[in-house]
Amino acid sequence: IWTKKCSTIARYRLINRTMARSTCSARLLIRTALLLSICFLLNPADAGRRGFRKNKHDGGEERRAQEDEKEGARRVGRKERKRLEREKAVKFAQMKADGQDQISMTKEAAELRSYELRKKKKKGLFRRKEASLAQVLFPGASPEEYSEREPVPAFVEQVESKRTHLPFDFYDLPSCPEPAEKIQKRFRQRKNLGSRLMGYKLRMSPYNFPTKVDKGCTPLCVVEIGGKKLRWLRKLVDRQYRVHLTLDQLPLLMRSRELNYAVRGYPVGFKAPPTFTGLQEDEFYLYNHIKFTITYREEPNEFEGVRIIGFDAHPVSIDYRKEGEIKSLTQDTNLEAAGKADGFSGCQADSSPINDPESYLKLRSGSSGEPLNIGFSYEVHWQETDIAWADRWDVYLVGSPDDEIHYFAIVNSLMIVVFLTGAVATIMIRTLKKDIAGYNEMQTIEEAQEETGWKLVHGDVFRPPQSYPMLLCVLIGSGAQIGSAFFATLFASMLRMLNPIKKGQALTAVVVLYVFCGVIGGYVSARLYKFCDAKAWKRNTIATALAFPAVIVSMFMVLNIFLRIVGAATAVSFLTVFFIFLLWGCVATPLVFVGSYFGYRADKIEVPTKTNQIARFIPEVPYYASPPISNM
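A look at the overall build of the protein
Scanning the protein from terminus to terminus reveals 19 helices and 18 strands. Looking at the protein residue by residue over its 632 residues, the buried ones come to 35%. Sequence-distant contacts, at least 24 apart, represent 76% of the contacts inside the protein between residues at least 6 apart. A total accessible area of about 40,900 Å² is found for the protein, and carbon and sulfur atoms account for 59% of it.

Quick notes on the nonpolar core
A general feature of soluble globular proteins is that nonpolar side chains tend to end up buried together. Among the nonpolar cores identified, the biggest contains 54 residues, and Tyr207, Phe209, Tyr266, Val268 and Phe292 are the most heavily contacted of them. If one sorts the elements of this core by residue count, strand 18 (residues 372–384) sits on top with six residues. Look past the residues within four positions of phenylalanine 209 in its chain and what remains in contact with it is Glu150, Pro151, Val152, Ala154, Leu247, Phe292, Ile294, Phe311, Val380 and Trp382.

A short note on the sheet that holds strand 3 (residues 154–156)
Spatially, the four strands line up as an open sheet ordered 6-3-9-10, and their pairing is antiparallel. Both outer strands of the open sheet, strand 6 (203–204) and strand 10 (250–251), are each paired with one neighbouring strand and no more. Pairing between strand 9 (residues 245–247) and strand 10: two bridges, direction antiparallel. Each bridged residue has a counterpart across the sheet, and for threonine 246 the counterpart in strand 10 is proline 251.

Remarks on the state of the cysteines
Scanning the model with the defined rule gives one disulfide in all. Note on cysteine connectivity: cysteine 176 is disulfide-linked to cysteine 221, with sulfurs 1.9 Å apart. Of note, the bridge from cysteine 176 to cysteine 221 carries an S-S torsion of about -85° and is left-handed in sense. You can see cysteine 176 sitting in the loop between strand 5 (164–168) and helix 7 (181–187) and its partner cysteine 221 sitting in strand 7 (residues 215–225), a full 45 residues away along the chain. Counting only cysteine sulfurs, cysteine 532 is the nearest neighbor of cysteine 473, a cysteine outside any disulfide, at a range of 4.3 Å. What makes cysteine 532 buried here is its relative accessible area of 12%.

Focus on the pattern of salt bridges
Taken as a whole, this structure holds 17 salt bridges when the rule is applied. When the shortest N-O distance is used, the salt bridge between glutamate 178 and arginine 203 registers 2.3 Å. Of this pair, glutamate 178 sits in the loop between strand 5 and helix 7 while arginine 203 sits in strand 6, placing them 25 residues apart in sequence. Using a relative accessible area of 27% as the deciding quantity, one classes glutamate 178 as partly exposed. Given a relative accessible area of 25%, arginine 203 falls into the partly exposed group. Beyond isolated ion pairs, a larger network of salt bridges with shared partners links Glu80, Arg83 and Glu87.

Section: a positive patch on the surface
A surface patch of like charges, here positive, comprises Arg78, Arg81, Lys82 and Arg86. Tracing the sequence through the fold places lysine 82 in helix 4 (residues 78–97). A relative accessible area of 39% means that lysine 82 is categorised as partly exposed.

Examining the packing of aromatic side chains
Counting across every chain of the model gives 22 aromatic pairs. Ring centres of phenylalanine 168 and tyrosine 241 lie 5.6 Å apart, and the angle between their planes is 50°; on these two criteria the pair is classed as tilted. Remark: tyrosine 241 occurs in the loop between helix 9 (228–238) and strand 8 (242–243) and phenylalanine 168 occurs in strand 5; sequence separation between them is 73 residues. This pair shows no difference in class: phenylalanine 168 is buried, exactly as tyrosine 241 is. Here the aromatic rings of phenylalanine 270 and tyrosine 360 are separated by 5.1 Å at their centres, their planes lie at 75°, and the arrangement is edge-to-face. Residue phenylalanine 270 is located in strand 14 (residues 269–272), and its partner tyrosine 360 is located in the loop between helix 12 (335–338) and strand 18; the two are separated by 90 residues in the primary sequence. Across the pair, tyrosine 360 and phenylalanine 270 agree in class, each one buried. One aromatic cluster is present, built from ring pairs that chain together Tyr207, Phe209, Phe292, Phe311 and Tyr378. Lying over the aromatic face of phenylalanine 303, arginine 307 brings its terminal NZ or CZ to 3.9 Å of the ring centre.

So, the packing of helix 16 (residues 505–516) against helix 19 (residues 574–601)
At a minimum axis distance of 7 Å, the contact between helix 16 and helix 19 shows a crossing angle of 45°. By the angle between their directions, the pair helix 16 and helix 19 is classed as oblique. Contacts from Val511, Val515 and Phe516 in helix 16 reach Leu583, Val587, Ala588 and Leu591 in helix 19. A per-class count over the contact of helix 16 with helix 19 returns seven nonpolar, no polar and no charged.

A closer look at the environment of phenylalanine 487
Position of phenylalanine 487 relative to the elements: it lies in helix 15 (residues 469–494). Sequence separation between phenylalanine 487 and leucine 513 is 26 residues; the distance between their C-alpha atoms is 9.8 Å.

A few points about a nonpolar patch on the surface
A cluster of nonpolar side chains, contributed by Ile482, Phe548, Val551, Ile552 and Met555, occupies part of the molecular surface with about 410 Å² of accessible area. Within the secondary structure, isoleucine 482 sits in helix 15.

Quick notes on helix 16
Between its first and last C-alpha atoms helix 16 spans 17 Å; for 12 residues at 1.5 Å apiece the expected length is 16 Å, and the two agree. Of the positions making up helix 16, those classed as buried are Gln505, Thr508, Ala509, Val511, Tyr514 and Val515. Those residues of helix 16 hidden inside the fold are in contact with helix 8 (193–198), helix 15, helix 17 (518–531), helix 18 (537–566) and helix 19.

About the cut-offs
- Residues numbered from 1 in each chain as written.
- Predicted model: local features only at pLDDT ≥ 70, side-chain atom pairs only at ≥ 80, totals over all residues.
- Heavy atoms only, no water.
- Helix = DSSP H or I, 4+ residues; strand = E, 2+ residues; numbered from the N terminus.
- Buried < 20%, exposed > 50% of the residue type's maximum accessible area, 1.4 Å probe, protein only.
- Contact = heavy atoms within 4.5 Å.
- Areas by Shrake-Rupley, 256 points an atom, 1.4 Å probe, with all protein chains shown as cover.
- Core = buried A, V, L, I, M, F, W, Y, C linked by side-chain atoms within 4.5 Å.
- Pairing = 2+ DSSP bridges.
- Disulfide = S-S within 2.5 Å.
- Salt bridge = Lys/Arg side-chain N within 4 Å of Asp/Glu carboxyl O.
- Patch = residues over 30% accessible without salt bridge, like charges linked within 9 Å, V, L, I, M, F, W, Y side chains within 5 Å.
- Lys, Arg positive; Asp, Glu negative; His and termini not counted.
- Charge placed at Lys NZ, Arg CZ, Asp CG, Glu CD.
- Phe/Tyr/Trp six-rings, centres within 6.5 Å; stacked < 30°, edge-to-face > 60°.
- Lys NZ or Arg CZ within 6 Å of the ring centre and 35° of its normal.
- Axes fitted to C-alpha atoms, helices over the stretch in contact; angles between N-to-C directions.
- Parallel < 35°, antiparallel > 145°, perpendicular 65-115°, else oblique.
- Nonpolar A, V, L, I, M, F, W, Y, C, P; charged D, E, K, R; others polar.
- Expected span 1.5 Å × (residues − 1).

Shape is all these values report; function is a separate question.
Next comes the structure, spelled out in structure tokens:
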């Protein structure tokens, strides 16, 4: 009894000491926290930084009000949050019923877009926090401010169509000449290897956009086309090609408030059926006047200058020959740069052409076969808006008429995968049912020791192939190299080392990482070749370095020849192909040899089971179960 009492007293003393120590530690932590908070409040530099952070980001008082609203939403309970969500759903449903569109640059349309994209405006893996699309899609992107009358460069991209996979360059079409070389050098952007391989060329547009300077109808140039060029242009209109431009990294949009949709780029022209023209065949018309609308935000209390929020276009087809005979000038003449507007009587600074069926520009040569003279013009309007810079990407994810088609295509692919997986699983279960039943019916150890089913081949699983061991080693080594480059690119994307705004950067990373992963490919191929007890290690190393790149480069060169013949914009130049050969021969191949050297010096691969000396006899299969019939 005395021993138990003593042990109990000792335990109480230990507990009291521990509590005293923890109390002292808690007091020390509280005092430290108070001192740090006082120092933080009294430090003027930190106060200045906090004030800077408040005024740094776009949105100002509106943005801070939204943050306060989010903070308040976090504090409310679950029931209150559900009630607020129901009220928002009723409010925006009523706005839709009243005919409010989602693609205009009004405050109501921006709120409706934000509500429709609320699930996409979240980032994080476990605790998904609300964010803007600029933070989700383009992390690290910062706004660009422009002062008044400062020229904003606009770049033309490829002229593409969803009905064909052959894009063309903008300046291959009948168009006005490029700006002067002095202007191009000022705004020229560097191209990476990926953009060159994709055929992505950023070239300055012939249009001029000074900040906050409205322009009426401005004559640009006169182009003369006929014969083969005219027939090719009619074919582009028939295949629904669209012209794509970018301004401040924003793609050009065509909006329709009546139809509530927005699409990128504007069409080259349009086709009218015989029911419209009264002719026996389709008539083709060209858009030669573009109305640009640039939406901007200006907030002197938060930032200096102007931030561009939207870039829209409305194409117009007008035949200036009916308004007044235009002069046939050369294509190298830019009327705006030269200060000339001769012959453009229907295009004045105080006028704005409209789409009128009586004045559409027909893509048709004269009655006696004379060429067609086309006058190009444009106008620019700047409109101010209250939409924040971070929300300017919302309209690109709503209102597109093709989104539903893509959604159904994805669902269709997923359903096919699910059904095929179920069919394969059913076949496997039926095939393996007997073996599983046999394993379940084993009652004694003697029966369990008998080799049945899959155990019959355990002594032949790790047997090196008797025929073409080099082919197996080369394929596995090339696969290891490709897989390493793929996962390294994904890892770099997760670390935000790749900028999604810069086109071609991801492809550049894949090519460069594949080249440097040649060490892994050579090492894996050499280790496996040593396991096969083969002797031609030099041929195996050379085949690993050349096999897969040779196949890919050969296919690429053949496709590039055909693209060159048709004049597609994705055709790669000879200099780019030569640079790829240098990467292959001077970097990738030596790295494969380095990896093979370490692979052959490593120990032989040890397998977990013993391989039988005599291979098991493989019975012949029926003709319908052997290639090539089985591959069908």
